[in-house]
Amino acid sequence: LMAPHPYLDHSGPIAFAHRGGTSSAPENSMRAFEHAYSLGYRYLETDVHATADGVLVAFHDNDLERTCGIKKSIATSTWAELKDARIDGTDPIPTLMDIMDAWPDARLNIDCKSQEALQPLINTLRDTNCFERVCIGSFSDKRLTAVREEFGSKICTSMGPKEVALLLARATTRVLPFSSPALAAQIPVRQGPIPVTTRRLVDTAHRLGIAVHVWTVDDPVEIARLLDLGVDGVMSDDTMALRDVFSVRGHW
């Protein structure tokens, strides 16, 4: 079966290092990505925010409080003002370009976290022409639509919340019409009490030509259960645990 996009061209399920993983270094730090890469990961998941002067940083939260202990928002700070911040007191904040340049053969799953990051991200994708190695996700349907309108089928995107809800409805009822330009459903195991990643959803997605990637799963037993359901990828903070389950199953 031909992959619908070079990004998804991979034999067997994909192991994603979520925010680089937290097995050996703070999340979204160059050390975390380096460790994941050294284990053999070639799919790295990260988030982007933009600074006040338009620099894309690989960072999950919109402010530095949780990870750096500083009351400062990214969107209102310049890149120069963030350079001295340290994640968990030890590691500098990387830019998206730092990661792209450091591991040219790694593929990046990029969650566009803010409206401010949208245009800088579009510009970066255009300037680097890196369409074969990125997938763009977002919890904003509007931002995903903007990326798709800009790049069409050149870009691999995952589903926004509305599309996931529609896919879930389609899997449950089997009658609703459903189409999406997304090539992947990147979804949690459950949303509150509602199971999201079910065999029926996986089968429905596959019939529609959509890959299913599940976040964020650290428990080896749960990772194995999801692989048994037929999911196409798993994102984990525990890069060692994910590698070990994949290794045992001959997927590494």
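Criteria and thresholds
- Along each chain, residue indices are assigned from 1 in the same order as the chain's sequence is written.
- Under the rules for a predicted model, residues below a pLDDT of 70 receive no local features and side-chain atom pairs below 80 are neither given nor counted, while totals for whole chains, interfaces and linings still include all residues.
- The side-chain figures draw on all heavy atoms in the structure; neither hydrogens nor water molecules are used.
- Note on conventions: DSSP H or I runs of at least 4 residues are helices, E runs of at least 2 residues are strands, and numbering of each starts at the N terminus.
- Computation of the radius of gyration draws on C-alpha atoms, with the globule rule given as 2.2 Å multiplied by the number of residues to the power 0.38.
- A simple rule labels every residue: compare its accessible area, found with a 1.4 Å probe on the protein chains alone, to the largest value its type can have, and call it buried under 20%, exposed over 50%, or partly exposed in between.
- One requirement defines pairing of two strands: DSSP has to find at least two bridges between them.
- Axis geometry follows a simple rule: fit a line to the C-alpha atoms, using only the stretch in contact for helices, then measure angles between N-to-C directions, giving values from 0 to 180 degrees.
- Roughly parallel means an angle under 35 degrees; roughly antiparallel means over 145; roughly perpendicular covers 65 to 115; every other angle is labelled oblique.
- Throughout, a crossing is termed right-handed when the near helix is turned clockwise from the far one, and left-handed when it is turned anticlockwise from it by less than a right angle.
- Two residues form a contact once any of their heavy atoms are found within 4.5 Å.
- Of all possible arcs, the one meant is that of the directions from the helix axis to the C-beta atoms.

1. Overview of the overall build of the chain
(1) Moving on: Regarding its fold elements, the chain presents 10 helices and 11 strands.
(2) Moving on: In terms of overall dimensions, the chain is globule-like: its C-alpha atoms have a radius of gyration of 18 Å, near the 18 Å expected for 252 residues.
(3) Moving on: Summarising its shape, the C-alpha atoms of the chain cover approximately 50 × 40 × 35 Å along the three principal directions.
(4) Moving on: Relative to its 252 residues, the chain shows a buried fraction of 52%.

2. What to know about unusual backbone geometry
(1) Moving on: One non-glycine residue, Asp-88, lies in positive phi territory at about 55°.
(2) Moving on: For Asp-88, the location among the structural elements is in the loop between helix H3 (79-82) and helix H4 (96-102).
(3) Moving on: Judged by relative accessible area, Asp-88 falls into the exposed class, the value being 54%.
(4) Moving on: Positive phi outside glycine occurs at Asn-129, with the angle close to 50°.

3. A closer look at the environment of Leu-96
(1) Moving on: With respect to the helices, strands and loops of the structure, Leu-96 is situated in helix H4.
(2) Moving on: Along the backbone, Leu-96 and Ser-247 are 151 residues apart, and their C-alpha atoms lie at a distance of 29 Å.

4. Regarding the pairing of strand E11 (residues 233-236)
(1) Moving on: Burial of E11 is two-sided: the residues Gly-233 and Met-235 facing one way and the residues Val-234 and Ser-236 facing the other way are all buried.
(2) Moving on: As defined by bridge partners, strand E1 (residues 14-18) adjoins E11 across 4 bridges and the pair is classed as parallel. Looking across to E11, one finds that Ala-15 is bridged to Val-234.
(3) Moving on: Pairing between strand E10 (residues 211-215) and E11: 2 bridges, direction parallel.

5. A word on the packing of helix H1 (residues 30-39) against helix H10 (residues 239-248)
(1) Moving on: Interhelical geometry of H1 versus H10 gives an angle of 15° and a closest axis separation of 11 Å. On the basis of their axis angle, the class for H1 and H10 is roughly parallel. In the crossing of H1 with H10, the sense of the turn from one axis to the other is right-handed. Contacts between H1 and H10 involve His-35, Ala-36 and Leu-39 from the former and Thr-239, Met-240 and Arg-243 from the latter.

6. Here's the deal with helix H6 (residues 141-151)
(1) Moving on: Residues Arg-143, Leu-144, Val-147, Arg-148 and Phe-151 constitute the buried set of H6. Projected down its long axis, H6 carries its buried residues within an arc of 135°, all on one side. In this structure, H6 carries Lys-142 and Glu-149 as exposed residues pointing more than 90 degrees from its buried face.
(2) Moving on: Along its buried surface, H6 packs onto strand E4 (107-112), helix H5 (115-128), strand E5 (134-137), strand E6 (156-157) and helix H7 (161-173).
(3) Moving on: Downstream of H6 by a residue or two, Gly-152 has a phi angle that is positive, lying close to 55°.

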